[in-house]
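What follows is each chain in one-letter form.
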Amino acid sequence: MTHDPRPFGRLLTAMVTPFAQDGSLDAEGAAKLATYLVDEQRNDALVISGTTGESPTTTDAEKDTLLRAVVEAVGDRARVVAGVGTNNTAHTVELAHAAEKAGAHGLLVVTPYYNKPPQAGVARHFLTVADSVGLPIMVYDIPHRAGTAVATETMCRIADHDRIVAVKDAKGDLIASSWVTSRTDLAYYSGDDAATLPLLSVGGVGLVGTSTHFTGPIAKEMIGAYERGDVVAALELHRQALPLFTGIFRAPGTMLVKAGLRAKGLPAGPVRSPLVEAGDDELNQLREDAAAAGIVL
């Protein structure tokens, strides 16, 4: 099946979910943050309610409110991808229907976590969701969180479905990714900021980033330079951003992104338990990593 080679553009950010000081959802802040990410950080699309967006701790109603706020704010100039993945296929289908109704342009569906299904169950999960909606789907392959990888043969099998069009690749296995990009038309997006350039070299098309709350322009130019054939410039940009590409994960990325956004006066608010707030030492280290990349926090 032939798909759009870049169904969600080149650069996406897995957006954090702003909360008010009392811990409630800050929908107005989410709209402002989405606007900043699209207009200033040059994102082609945003992923809402991914793990970075603390989706394990938000209710279905909050996910719906958040999605509608972001679609209203930036949906006319960026694609909005809703994270709907759970380890319950029926619940994932419910969330997918709700996201479609709320105006999402695509869905991010993670491998079912914790219950460790066999590959037949992994395939059935993705195909069931794809059969249930009319939106394009990005498969999120992140075995170090989910506990189960999407095997190469499984990925190639589900790629035959019209609506399974992309992968957020956080597997850390360039050989497996290379096999899939050589055998399917799936659009491969790096799910690890620092792995973007290597993934491009084996057929990747872009990044779903975390540090891109701050590094968006560098990351987008890096991808563009590689696509133009200017590998030297792409490598220079990769090396420039590397301190923050990696530094954002010294602690759970959500904690550090929110600390960095607060330092810039942007909507973020607190994290929800079981995450904890980044401490002063962590924020200072984040500022050092950002400065090494030429970015002021």
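Calculation criteria
- Along every chain, residues carry numbers that run from 1 in the direction the sequence is written.
- With the structure being a predicted model, the display of local features is reserved for residues of pLDDT at least 70 and the display and counting of side-chain atom pairs for 80 or more, all residues being used for whole-chain, interface and lining totals.
- To obtain the side-chain values, all non-hydrogen atoms of the structure were included, while hydrogens and water were left out.
- By definition, a salt bridge exists where a carboxyl oxygen of Asp or Glu is found within 4 Å of a side-chain nitrogen of Lys or Arg.
- By the criteria applied, helices consist of DSSP H or I runs no shorter than four residues and strands consist of E runs no shorter than two, each listed in order from the N terminus.
- Here the term buried applies to any residue with accessible area under 20% of the maximum for its type, exposed to any over 50%, and partly exposed to those in between, with areas from a 1.4 Å probe on protein chains only.
- UniProt positions are given in the numbering used here, feature names are shortened, and annotations may be inferred rather than shown by experiment.
- Residue contacts are defined here by distance: any two heavy atoms, one from each residue, within 4.5 Å place the two residues in contact.
- To estimate the expected span of a helix, subtract one from its residue number and multiply by 1.5 Å.

On to the pattern of salt bridges. Scanning the model with the defined rule gives 14 salt bridges in all. Note that Lys220 is salt-bridged to Asp44, the shortest N-O span being 2.7 Å. With Lys220 in helix H9 (residues 212-227) and Asp44 in the loop between helix H1 (27-39) and strand E2 (45-48), the pair connects residues that are 176 residues apart, well separated along the chain. The class of Lys220 is buried, set by a relative accessible area of 18%. For Asp44, a relative accessible area of 22% corresponds to the partly exposed category. Between Arg68 and Asp64 there is a salt bridge, with the nearest N and O atoms lying 2.9 Å from each other. With Arg68 and Asp64 both in helix H2 (residues 60-74) and four residues apart, the pair spans about one turn of that helix. The network of salt bridges with shared partners includes Arg6, Arg10 and Glu227.

Under the feature "binding site: pyruvate" (unreviewed entry), the UniProt entry names Thr52 and Val208. In sequence the annotated residues extend across 157 residues, while in space they remain close, none of their C-alpha pairs exceeding 11.0 Å. Summarising the element assignment, Thr52 is placed in the loop between E2 and H2. Of the residues examined, Thr52 reaches a relative accessible area of 11% and is grouped as buried. If near-sequence neighbours (up to four positions away) are discounted, Thr52 is found in contact with Ala14, Met15, Val16, Thr210 and Thr254. Its location among the elements puts Val208 in strand E8 (residues 206-209).

We now examine H2. Compared with the 21 Å implied by 1.5 Å per residue over 15 residues, the 21 Å span of H2 between its first and last C-alpha is a close match. Buried within H2 are the following residues: Glu62, Lys63, Leu66, Leu67, Ala69, Val70, Val71 and Val74. Where H2 is buried, its residues meet H1, E2, strand E3 (79-83) and helix H3 (89-102).

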